[in-house]
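# A structural walkthrough
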Amino acid sequence: MEAYKNPQLTPEERASDLVSRMTLREKIGQLTQRLYGFGIYTRQGDEITFSDEFYQEVERYSGLGTLYGLYRADPWANKNFETGLDGALSPKARNMVQKYVIEHSRFGIPVLMSTECPHGHQALDGYLLPVNLASGATFSPEVLAEAAKISAKQLKDMGVDLALISCLDMLRDPRWGRSEECFGEDPYLACRMGEAVVKAVQGEGVDVVAKHMCAQGETTGGVNASAARIGMHELREIHLPPVKACVDAGVTSFMAAYNEIDGIYCHGNRWLLTDLLRGEYGFKGFVMSDGVAIDQLDAVTGDRTASGALALNAGVDMGLWDTAFQQLEEAVEQGLVEEAAIDEAAKRILTVKFRRGLFENPYVPETDEWQSYTAEKYPQVKDLAEQSIILLKNDGNLLPLNVAEPLRLVMSGPNADELYSQLGDYTPPMRPGVGITPLKGVQNFITSNESEIKLCYAPGCLGFAHSDELLEQAVEAAKESDVVLAVLGGTSSRFTAAEFDTNGALKSQKVITMDCGENVDNGELRLPGGQLELLKKLKDTGAKVVTILVAGRPYEMEQIHEYSDAILCAFYPGLTGGEAIAKLIFGAVEPAGRMPVSAPDYVGQLPVYYNAKDSYRPMRYYNSKQPPRYRFGCGLSYTNFSWSLVEAPADDKHSVTATIRNDGERPGWVVPQLYIHRTQGVVTSRIRQLCGFDKLYLLPGEEKTVSIQIPEESLYQWDAAMNHVMPHGKIEWFLGDSGEEIFKGTFNV
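Attention here is on the structure that accompanies the text. What you see is a predicted model; the values in this text were computed from it and never measured.

On to the overall build of the protein. When helices and strands are counted, the protein shows 20 helices and 29 strands. For the protein, whose C-alpha radius of gyration is 26 Å, the value lies close to the compact-globule estimate of 27 Å for 749 residues. For the protein, the spread of C-alpha atoms along the principal axes amounts to about 80 × 65 × 45 Å. The 749 residues of the protein split such that 62% are buried. Long-range contacts, defined here as pairs at least 24 residues apart, represent 76% of the contacts in the protein between residues at least 6 apart. Per element, the accessible surface of the protein, about 27000 Å² overall, is 46% carbon and sulfur. Between the mean site of the 70 positive side-chain charges and the mean site of the 102 negative ones, the protein shows a separation of 2 Å.

Rendered as C-alpha cells:
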C-alpha cells in the first residue's frame, strides 16, 4: 500500500508521500483556487449542471485544490432562491463536485470547500449573526461562541471545510467601510472574541481561515485597502495580538490582507507571513490570499509570473481567483521559484485534507428532510443580538417605556422597517417574512402584551434623500405623540443598483444607497440624507425622542446627542435585531452592550480611539471639544450599582478583586473593565490599555465578587531593538465600567 493511502500514518506523513508522487502541475493545482464556485453551476428546479470551465479546470490540474463559494448567495453571485442552492440541494451539489473531482484526479484527491462566513454563513437560509462590531459590543466571548457553534453546525452539514471569518481587523478609523467586520478598536477585546470564534467553529469540525493579516484596519484616511503607514511598535501592539491569539487557539489558516505596511504588500511580505507567523509564532497551517490580491502585486513586479513567485516565496500557499498562481510553472522554469517551495505549500494543503478525513470519507449525508437553522430553533443568535445593543443616553430615565401605559408612540426613520439595513455586508437574500425589523418588533411586543399603546409609523425621510412630504407627515404625527422612536443610521445592503468588482467588493453605485461595507468608505460620518433634519424637527415638536442608531460604524454624535432624550446604538444586530430593540425599549431585557469603538462628536476629531500613545496630548485642536462624548467601554444600565474594592493589585500579585452590588429595583448587566498605564518603561506607553474584563448579571439586591487577573503579556513592551521585555517600573491601574473609573491605584514590576 502506498503510504498516502495508509490512514494509520499521520496526515503530514501521508501528505509528504503524496506530494512526492505528483507532477509539478498537479501540485500547483492544489495551490490554486481560481474558480468562483457560485459561477460553475446552473440550477433548473432540483437539477444541477456544471459549466465547461469547471470540467476544464479539473482536467488541467488532474483535480482541484479548493473551490470557493459554491454556496454563496448575494447580488454579486447572482444567486437567489430560484437560482442558488438551498435546503438539500447544498449537500447534493457539494457531493456532485466532490465525486467528479475525485474520479478525475490521478490520485483520487478530494477538493476542499471554502465559503464566506464573516457573520454567519453567507448562503441561502444561512444562520446569520450580528456583525462583528455588534459581537464586540457584547463584551462576551462566551455568548459569541455559542452562536458561532450553531453557524458551524450548519456549515458542517453543508459540507464546508474552510470558513473564511473576519477575526483580525482592528477598527482604527471609523471612516473605513469595513468597520462592521471588526470586533472593535482594542486588541485585547479582539483577541478574546477572535479566539472564541476559532475554538467554537473548529470545535464543530469546520476549519477557520482567519482574516485579514494584517493591519488592514489602520488605513490611510479610512480608505479601504490603503497603506498602513505605521511602524513596528504600532503593528506589534495593536494589529498583531489577534493574529497571535488565533495561532494559540489552533486556527488552521490565515488570509493575507490587501494593504501594504510601510511599503511592503502583505501578500509579498516574507517577514510577516513566514519569519513572524511560522518562525516566531510557530504557526503550522497554510496561508490563503485574498481575492485577486496576488495579481495586484503587479504594481510592484510589473509581471504576472513574478507576482505569483513573490507571493509564494513570501509565504502564501493558496491563491484566490488570481491568475498569477496559474503561472507558477513558468515561474519555476524562469528560476523565480524553487519547486521545493511549491512542495511545501502543497503539503500544507494536503495535510488539511488528510486530517479532515476527506480521502476516506469525502461525502456528506444527503436527506430530503433538510435541517433548518433558524433563530426560533437556535435562539443563541437572539441572545447575542440582545446583549449587543448599547444604551448611550437616558435622560430622566425615559427608558424603559411602560408597556402598561396608554402611550402614543410614533416610529420614524429610514431604518425602522428595512430588514437589509440591519444585516450588514456579505448578506444573502432573505425569504419573505423572515427577520424582524424595529417596527415589526415593537408592533409584536405591543400586541403580545395586549397593550393599549397606540403606534403610528411615519418614515420621515428616505435613507439617502430628503422628502418634504414624508418629513411633514412625521412631524405632524410627532406633535400628537408622547414618545418618538427615531430609527436612524445607514446600510450595507447590496440589494440595490450596485456594480461589483472582480473581488466582490462594491465598485460603484448608480444611486447612493449604501454608506458602509467593503469599498464604501465615508469621509463625513454624518447621518445620511435628511436624517439629522428629521431628528431635529422631531425633537422640536416637544415630544420625547428615543434615537435608535442601526449602523455598521460610529457616526458623528454631537447633534444626535443634542436632539435625543435617549440613545440606543445597535451595530447591525442581525435578523432578530428588531425584536431585541423592542425588548430593550420596553425593559423585557436589560441593556448589556458597551461601546467597542469610540464615537467622535464630529469627523474632525479623528482619531479618537481611547488607547492613544502618551507621547503627546491626543486630539487637542484649539477649536475642538475633548474628549469624544462616547468612548470605548461606555454603556448605561436601567439600574444602579455600588462597588467595593476587596483587593488591589500589588507588586507581587497582579490582579484586582471587587464586589459589585445591584442597588436598584431592576436586574442589570455590569461589565467591569480593567485598564493599565505604564508610567515607566523603555518606550512610550498607551494612555490606557485594556487588559481584562468580565460580565455579570445581577438581580436587585444581589452582589457578586469578581477577580480580574492582569495577563503577564500586558506588562511587556517591545523595546527599541524589538526585544520583548518586561521593564521595571510603576504601573497605574484603573477599574470601572461605562467609561467611569471607580477604583485606581499603582503597583510596581
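Back to the write-up after that little detour.
An ideal rise of 1.5 Å per residue puts 24 Å on 17 residues; helix 14 (residues 339–355) measures up with 24 Å between its terminal C-alpha atoms. Along helix 14, the residues classified as buried are Ile342, Asp343, Ala345, Ala346, Ile349, Leu350, Thr351, Val352, Lys353 and Phe354. At the exit of helix 14 stands Gly357, carrying a positive phi of roughly 75°.

On to the packing of helix 1 (residues 11–21) against helix 14. The contact between helix 1 and helix 14 brings their axes to 8 Å, and the two run at 130°. Classified by the angle between their axes, helix 1 and helix 14 sit oblique to one another. In terms of crossing hand, the pair formed by helix 1 and helix 14 is right-handed. Within the contact between the two elements, helix 1 uses Pro11, Glu12, Arg14, Ala15, Ser16, Leu18 and Val19 and helix 14 uses Asp343, Ala346, Lys347, Leu350, Thr351, Phe354 and Arg355. Taken together, the residues of the contact of helix 1 with helix 14 break down into 7 nonpolar, 2 polar and 5 charged.

Counted according to the given criterion, the structure contains 23 aromatic pairs. Ring geometry for Phe139 versus Phe693: centroids 5.3 Å apart, planes at 75°, classification edge-to-face. With Phe139 in the loop between helix 5 (132–137) and helix 6 (141–158) and Phe693 in strand 23 (residues 689–693), this pair connects stretches of sequence that are 554 residues apart. Like Phe693, Phe139 is buried.

This brings us to the nonpolar core. Residues Leu70, Val97, Met213 and Phe254 are the most contacted members of the largest nonpolar core, which totals 138 residues. Residues contacting Met213, with those up to four places away along its chain left out, are Leu168, Val243, Phe254, Met255, Ala256, Ala257, Cys266, Leu272, Leu273, Leu276 and Leu277.

Moving on to the side chain of Thr305. Mapped onto the fold, Thr305 is located in helix 12 (residues 304–314). When its relative accessible area of 8% is taken as the criterion, Thr305 is described as buried. A distance of 2.7 Å separates the side chain of Thr305 from the side chain of Gln327, its partner in a polar contact.

Another point: the sheet that holds strand 10 (residues 286–288). If you trace the 6 strands from one edge of the open sheet to the other, you get 3-4-5-6-7-10, paired in parallel fashion. The open sheet has two edge strands, strand 3 (66–68) and strand 10, and neither has a second partner. Pairwise comparison of adjacent strand axes, ignoring direction, gives a mean angle of 30° for this sheet. As defined by bridge partners, strand 5 (residues 162–166) adjoins strand 6 (residues 207–213) across 5 bridges and the pair is classed as parallel. Across the sheet, residue Leu164 finds its bridge partner in strand 6, namely Val209.

A word on the sheet that holds strand 29 (residues 740–748). Strand pairing in a sheet takes place through backbone hydrogen bonds and is either antiparallel or parallel in direction. If you walk across this open sheet you meet the 4 strands as 23-22-28-29, and the pairing is antiparallel. With one partner strand each, in any of the chains shown, strand 23 and strand 29 form the two edges of the open sheet. Recorded for the sheet is a direction-independent mean angle of 25° between the axes of neighbouring strands. Relative to strand 29, strand 28 (residues 730–737) runs antiparallel, the two sharing 8 bridges.

This part covers the pattern of salt bridges. What the rule picks out here adds up to 53 salt bridges. A salt bridge links Lys27 to Glu339, with the nearest nitrogen and oxygen atoms 2.7 Å apart. With Lys27 in helix 2 (residues 24–31) and Glu339 in helix 14, this pair connects stretches of sequence that are 312 residues apart. The exposure class assigned to Lys27 is buried, which follows from its relative accessible area of 3%. Salt-bridge contacts for Lys583 lead to Glu386; the nearest nitrogen and oxygen are separated by 3.1 Å. Here Glu386 lies in helix 15 (residues 380–388) and Lys583 lies in helix 20 (residues 577–585), a separation of 197 residues in the sequence. Judged by its relative accessible area of 15%, Glu386 is buried. The network of salt bridges with shared partners includes Arg72, Asp74, Glu116, Lys211, Asp425 and Arg494.

Here we take up the environment of Ser253. Here Ser253 shows up in strand 7 (residues 253–256). The class of Ser253 is buried, set by a relative accessible area of 0%. A C-alpha to C-alpha distance of 28 Å links Ser253 and Phe571, two positions 318 residues apart in sequence. With residues near it in sequence (within four places) discarded, Ser253 still touches Val208, Val209, Ala210, Phe283, Phe286, Val287 and Met288.

With that settled, the discussion passes to the pairing of strand 13 (residues 454–457). As paired strands, strand 12 (residues 408–412) and strand 13 are joined by 4 bridges and run parallel to one another. When the bridges of strand 13 are listed, Met411 appears paired with Tyr457. On the question of chirality, the crossover connecting strand 12 to the parallel strand 13 by way of helix 16 (residues 438–448) is right-handed.

A word on the state of the cysteines. Under the defined criterion, the tally for this structure stands at 0 disulfides. No disulfide involves Cys691; its sulfur sits 13 Å from the nearest other cysteine sulfur, which is in Cys191.

Parameters and conventions
- Residues numbered from 1 in each chain as written.
- Predicted model: local features only at pLDDT ≥ 70, side-chain atom pairs only at ≥ 80, totals over all residues.
- Heavy atoms only, no water.
- Helix = DSSP H or I, 4+ residues; strand = E, 2+ residues; numbered from the N terminus.
- Rg over C-alpha atoms; globule rule 2.2 N^0.38 Å.
- Buried < 20%, exposed > 50% of the residue type's maximum accessible area, 1.4 Å probe, protein only.
- Contact = heavy atoms within 4.5 Å.
- Areas by Shrake-Rupley, 256 points an atom, 1.4 Å probe, with all protein chains shown as cover.
- Lys, Arg positive; Asp, Glu negative; His and termini not counted.
- Charge placed at Lys NZ, Arg CZ, Asp CG, Glu CD.
- Expected span 1.5 Å × (residues − 1).
- Axes fitted to C-alpha atoms, helices over the stretch in contact; angles between N-to-C directions.
- Parallel < 35°, antiparallel > 145°, perpendicular 65-115°, else oblique.
- Left-handed = near helix turned anticlockwise from the far one by under 90°.
- Nonpolar A, V, L, I, M, F, W, Y, C, P; charged D, E, K, R; others polar.
- Phe/Tyr/Trp six-rings, centres within 6.5 Å; stacked < 30°, edge-to-face > 60°.
- Core = buried A, V, L, I, M, F, W, Y, C linked by side-chain atoms within 4.5 Å.
- Polar contact = N/O pair within 3.5 Å; in protein donor to acceptor, adjacent residues only side chain to side chain.
- Pairing = 2+ DSSP bridges.
- Salt bridge = Lys/Arg side-chain N within 4 Å of Asp/Glu carboxyl O.
- Right-handed = clockwise from strand over helix to strand, strands pointing away.
- Disulfide = S-S within 2.5 Å.

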